[in-house]
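The lines below spell out each chain.
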Amino acid sequence: CTSSVNMSNTTTTVSNGQTICFYDSGGPNGSYGNSESYVHTFTASGGGHVTITFLTATGETCCDYITIYDGAGTGGTQLHYGLLSTVNGNVSFTSSGTSLTVQFTSDGSVTYDGWHAVVSYAANTAGSVNMSNTTTVVTCGQGISFYDSGGPNGTYGNSESYVHTFTSSNGNPLTITFLSTDGES
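Predicted model, so just to flag it, every value in this text is computed and none were measured.

## Structural notes on the overall build of the chain
The helix and strand tally for the chain stands at zero helices and 14 strands. Of the regular secondary structure in the chain, the N- to C-terminal order runs β-β-β-β-β-β-β-β-β-β-β-β-β-β. Here the C-alpha coordinates of the chain stretch approximately 65 × 35 × 30 Å along the principal axes. For the chain, the proportion of its 185 residues judged to be buried stands at 35%.

## Focus on the sheet that holds strand 8 (residues 91–94)
Strand order in the open sheet made by the five strands is 1-3-10-5-8, with mixed pairing throughout. Each edge of the open sheet carries a strand with a single partner, namely strand 1 (3–6) and strand 8. Strand-to-strand twist of the sheet, defined as the mean angle between neighbouring strand axes without regard to direction, takes the value 20°.

## Some words on the state of the cysteines
Evaluation of the coordinates by the stated rule reveals two disulfides. Here Cys1 engages in a disulfide with Cys21; their sulfurs sit 1.9 Å apart. Measuring the twist about the S-S bond at about 75°, one finds the Cys1-Cys21 disulfide to be right-handed. On the criterion of sequence distance, the pair formed by Cys1 in the segment before strand 1 and Cys21 in strand 3 (residues 19–23) is long-range, its members being 20 residues apart. Note on cysteine connectivity: Cys62 is disulfide-linked to Cys63, with sulfurs 2.0 Å apart. One quick way to see it: the torsion about the S-S bond of Cys62 and Cys63 is about -85°, and its sign makes the bridge left-handed. Classification of Cys62 as partly exposed rests on a relative accessible area of 42%. With relative accessibility at 23%, the residue Cys63 sits in the partly exposed group. In the chain, numbering the disulfide-bonded cysteines from first to last in sequence yields the connectivity 1-2, 3-4.

About the criteria used
Residues numbered from 1 in each chain as written. Predicted model: local features only at pLDDT ≥ 70, side-chain atom pairs only at ≥ 80, totals over all residues. Heavy atoms only, no water. Helix = DSSP H or I, 4+ residues; strand = E, 2+ residues; numbered from the N terminus. Buried < 20%, exposed > 50% of the residue type's maximum accessible area, 1.4 Å probe, protein only. Pairing = 2+ DSSP bridges. Axes fitted to C-alpha atoms, helices over the stretch in contact; angles between N-to-C directions. Disulfide = S-S within 2.5 Å.

See below:
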């Protein structure tokens with residue numbers, strides 16, 4: 001891991017090439033506490049996706065729950081809900097957009113070692129991307145709409161300098177066709 005974070009009520013940004021060791025509130029050598037209620041969001045910089053892989057997870061067999069949401073906050077699509085032990089052993093989740101949110105609650109008695117997970121940046125492989133410092137993997141036959149940093153309905157900002165790399169998933173050549181351009185002359 002290039003860095004580590006413990007479970008808390010916060011948002012953590014994940015950059016291309018970065019892996020984050022993600023632990024329960026007790027960290028790598030401690031246990032989580034009683035009566036915890038935390039929401040931690042991971043957001044990919046540059047329009048990529050977030051992948052979280054739980055390597056180990058142990059918790060009370062009746063009362064300590066983990067929920068994974070696709071998106072920023074608990075309003076996103078619920079990808080998983082269950083006892084903490086249900087994500088033990090290389091269980092992975094990947095966001096459809098730029099964020100994944102983890103919610104954890106424990107009851108008022110009995111604590112365990114919790115979890116060790118790895119959070120990583122996943123390059124964008126979906127239908128549209130905005131200009132940013134990132135890499136987009138394109139699969140054979142996939143069409144992608146590519147926009148400036150303002151997206152399809154906005155405008156790019158002043159003094160921007162980005163390098164956006166497109167790469168083929170199978171090594172075949174890519175073709176980029178600009179349908180329209182508009183900028184200061």
